[in-house]
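Each chain is listed here by its residues.
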Amino acid sequence: MFKKLKRLFANLFGKKDEIKLGIYGPPNTGKTTLANRISEEFTGEEMGTASEVPHETRVVQKKEKVRLQSNGKEISMNLLDMPGISTKVDYKEFVEHGINEDEAKVRSKEATKGVVEAIKWLDKVDAVLVVFDSTEDPYTQVNVTILGNLEAKDIPIILVANKTDLDDAEPESIKDAFPQYNFTKISAKEKENMEDLYKKVVESV
Amino acid sequence: MAKKKKKKDGVKIEFLSKLRLQEKAFEEKLDLIMDSVKDENILVLEEALNAEEKAQLIEKSMEECDEDFPGVEFSGFDSRENWFERILASITGKEKKDGLLIVGSSDVMEKVKEDKDAISMIAKLE
Ligand SMILES: Nc1nc2c(ncn2[C@@H]2O[C@H](COP(=O)(O)OP(=O)(O)OP(=O)(O)O)[C@@H](O)[C@H]2O)c(=O)[nH]1
Ligand SMILES: [Mg+2]
């Protein structure tokens, strides 16, 4: 409510601020892969590095003036690819991915800072895509916490069930766990159903 | 100065009643939780955390995370307020905290399965 008023005033005084679209979720769900798809489609450039090692994104990645078009509408936005949010970071997990111990410890420290940064951004974004890995159990405290905070702040949310190309994907389980939100299922990697996502973004912001 | 973790015989589980919790500010509760989980205890609070409080718990865990403390695992039942109770709470500033929180260091606790009405956890014995 307050957010909407603020935007209305900003527009009245001719200060057209861009919509800040945050991409949130636990580590490794495909946020950066999705951010790259969107950015590539509407600016021609990718915006970050995706990796099978969790906590690849440890600092918020921004792409300004992304003009998203769908259904004859256009919105100009700042795309914000967030570090994955988790309740724990264990350097040993990075070592298991073949990173040497010293580097793994540095990566851990950066990862914890990234999580804090992502949480701090929760009340600065205007709309959010919450990205899920459709092969994983969606009902987790991290997801409940992200959604609860956005809802308390009246920030529009679209649930994005990603990785639908995988055999054991169960995108519908995400909808069942959180039935009250806008929902779409995609494969960011295989570029499946992206049009539906764009349509929902344009509709909901 | 890498301190070696002291070996323990088992996992200590602490329960805190809502009576014990109700006079405490959230910051106090957060300190209490962190002290306890860093001591490798599992803590059960007879109280639910709201979304902002959960975010603060995650933030604090990340700030305190290091080689000896990898962070937390937590789970719980949230109080389910209806819209009327929510509006009332926003007017009176008193929110319903009915529910439960179980929290431990991710070194000693592992989540198995969780949904709105049932949780299962494993206490790791190493
Ligand atoms: N099969 C499949 N894999 C995907 C898809 N999207 C992303 N991935 C893979 O999942 C892994 C993680 O992708 P990222 O985009 O780095 O994930 P992230 O959410 O940004 O991860 P963090 O930055 O660590 O939080 C990579 O190996 C991607 O190639 C998808 O739609 N299908
Ligand atoms: Mg990323």
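These numbers come from a predicted model, not from an experiment. (Residues numbered from 1 in each chain as written. Chains lettered and ligands numbered in written order. Predicted model: local features only at pLDDT ≥ 70, side-chain atom pairs only at ≥ 80, totals over all residues. Heavy atoms only, no water.)

(A) Representation of the overall build of chain A. If you tally the helices and strands in chain A, you get seven helices and six strands. Secondary structure of chain A in N-to-C order comes out as α-β-α-β-β-α-α-β-α-β-α-β-α. A globule of 205 residues ought to have a C-alpha radius of gyration of about 17 Å, and chain A, at 17 Å, matches this closely. Here the C-alpha coordinates of chain A stretch approximately 55 × 35 × 35 Å along the principal axes. Looking at chain A residue by residue over its 205 residues, the buried ones come to 53%. Here the analysis covers contacts within chain A between residues at least 6 apart in sequence; of these, 70% occur between residues at least 24 apart. A total accessible area of about 9,800 Å² is found for chain A, and carbon and sulfur atoms account for 48% of it. The centroid of the 31 positive side-chain charges in chain A is displaced by 8 Å from the centroid of its 37 negative side-chain charges. (Helix = DSSP H or I, 4+ residues; strand = E, 2+ residues; numbered from the N terminus. Rg over C-alpha atoms; globule rule 2.2 N^0.38 Å. Buried < 20%, exposed > 50% of the residue type's maximum accessible area, 1.4 Å probe, protein only. Contact = heavy atoms within 4.5 Å. Areas by Shrake-Rupley, 256 points an atom, 1.4 Å probe, with all protein chains shown as cover. Lys, Arg positive; Asp, Glu negative; His and termini not counted. Charge placed at Lys NZ, Arg CZ, Asp CG, Glu CD.)

(B) Broad picture of the sheet that holds strand S2 (residues 42–45) of chain B. Residues and elements named next belong to chain B. Reading across from one edge, S1-S2-S4-S3 is the order of the four strands in this open sheet, with mixed pairing throughout. Edge positions in the sheet fall to strand S1 (13–16) and strand S3 (72–77), since each has one partner strand and no second. The average undirected angle you get between the axes of adjacent strands in this sheet is 15 degrees. As judged from the four bridges shared by S1 and S2, these two strands associate in the parallel manner. Along S2, the bridge assignment pairs leucine 16 with leucine 45. (Pairing = 2+ DSSP bridges. Axes fitted to C-alpha atoms, helices over the stretch in contact; angles between N-to-C directions.)

(C) Representation of the nonpolar core. All names here are of chain A. Within the largest apolar cluster, 57 residues are counted, with the highest numbers of intra-cluster contacts made by Tyr24, Ile85, Val125, Val130, Leu150, Leu159 and Phe178. Take this core: its biggest share by element is seven residues, from helix H4 (residues 101–121). Counting residues in hydrophobic clusters, the runner-up holds 25 residues, among them Leu34, Val66, Leu79 and Val202. (Core = buried A, V, L, I, M, F, W, Y, C linked by side-chain atoms within 4.5 Å.)

(D) Structural context of the coordination of the magnesium ion (ligand 2). All names here are of chain A. Within the first shell, the magnesium ion (ligand 2) binds the protein through Thr32 (OG1) and Thr57 (OG1), at distances of 2.0 to 2.1 Å. On the criterion of sequence distance, the pair formed by threonine 32 in helix H2 (residues 31–43) and threonine 57 in the loop between H2 and strand S2 (61–70) is long-range, its members being 25 residues apart. Across the pair, threonine 57 and threonine 32 agree in class, each one buried. (Donors = N, O, S within 2.8 Å, 3.2 Å for Na, K, Ca; no water.)

(E) View of the packing of helix H2 (residues 26–38) of chain B against helix H3 (residues 51–64) of chain B. All names here are of chain B. Two elements in contact, H2 and H3, have axes whose closest approach is 11 Å; the angle formed by their N-to-C orientations is 45 degrees. Between H2 and H3, the angle is such that the two are oblique. Handedness of the H2/H3 crossing: right-handed. Counted together, Phe26, Glu27, Leu30, Asp31, Ile33, Met34 and Lys38 of H2 and Glu53, Gln56, Leu57, Lys60, Ser61 and Glu64 of H3 form the full contact between these two elements. Looking at the contact of H2 with H3 residue by residue, the class counts come to five nonpolar, two polar and six charged. (Parallel < 35°, antiparallel > 145°, perpendicular 65-115°, else oblique. Left-handed = near helix turned anticlockwise from the far one by under 90°. Nonpolar A, V, L, I, M, F, W, Y, C, P; charged D, E, K, R; others polar.)

(F) Layout of unusual backbone geometry. Residues and elements named next belong to chain A. Notably, aspartate 154 is not glycine yet its phi reads approximately 65 degrees, a positive angle. Not every positive phi belongs to a glycine, and lysine 163 is a case in point at roughly 65 degrees. Positionally, lysine 163 belongs in the loop between strand S5 (157–162) and helix H6 (172–177).

(G) Region of the structure containing the pattern of salt bridges. Evaluated as defined, the whole model comprises 22 salt bridges over all chains. For arginine 58 of chain A, the salt bridge is made with glutamate 110 of chain A, and the minimal N-O distance between the two is 2.7 Å. Of this pair, arginine 58 of chain A sits in the loop between H2 and S2 while glutamate 110 of chain A is found in helix H4, placing the two residues 52 residues apart along the sequence. Its salt-bridge partner being glutamate 67 of chain B, residue lysine 105 of chain A comes within 3.6 Å of it at the nearest N-O pair. Of this pair, lysine 105 of chain A sits in helix H4 while glutamate 67 of chain B is found in the loop between H3 and S3, placing the two residues in two different chains. Residue class for glutamate 67 of chain B comes out partly exposed when judged on its relative accessible area of 46%. What emerges from the salt-bridge pattern is a single network uniting Arg37, Glu40 and Glu46 of chain A. (Salt bridge = Lys/Arg side-chain N within 4 Å of Asp/Glu carboxyl O.)

(H) Structural view of the site of ligand 1. All names here are of chain A. Lys31, Thr32, Thr33, His55 and Asp165 are the nearest of the 22 residues found near ligand 1. In this structure, an oxygen atom belonging to ligand 1 sits 2.7 Å away from a main-chain N or O atom of histidine 55. Compared with its free state, where it exposes 650 Å², ligand 1 has 91% of that area covered by protein. When residues of the shell around ligand 1 are assigned to their parent elements, the largest contribution, three residues, is made by H2. Of the residues belonging to the shell around ligand 1, the class tally is five nonpolar, 11 polar and six charged. (Near = heavy atom within 4 Å. Polar contact = N/O pair within 3.5 Å; in protein donor to acceptor, adjacent residues only side chain to side chain.)

(I) Quick peek at the pairing of strand S1 (residues 19–24) of chain A. All names here are of chain A. With respect to burial, S1 is a largely interior element, five of its six residues being buried. Inspection of the sheet shows S1 paired to strand S3 (residues 73–81) by five bridges, in the parallel sense. Paired with isoleucine 23 across the bridge in S3 is aspartate 81. Strand direction decides the pairing type here: S1 and strand S4 (residues 127–133), joined by four bridges, are parallel. Looking at the pairing, tyrosine 24 lines up with valine 130 of S4.

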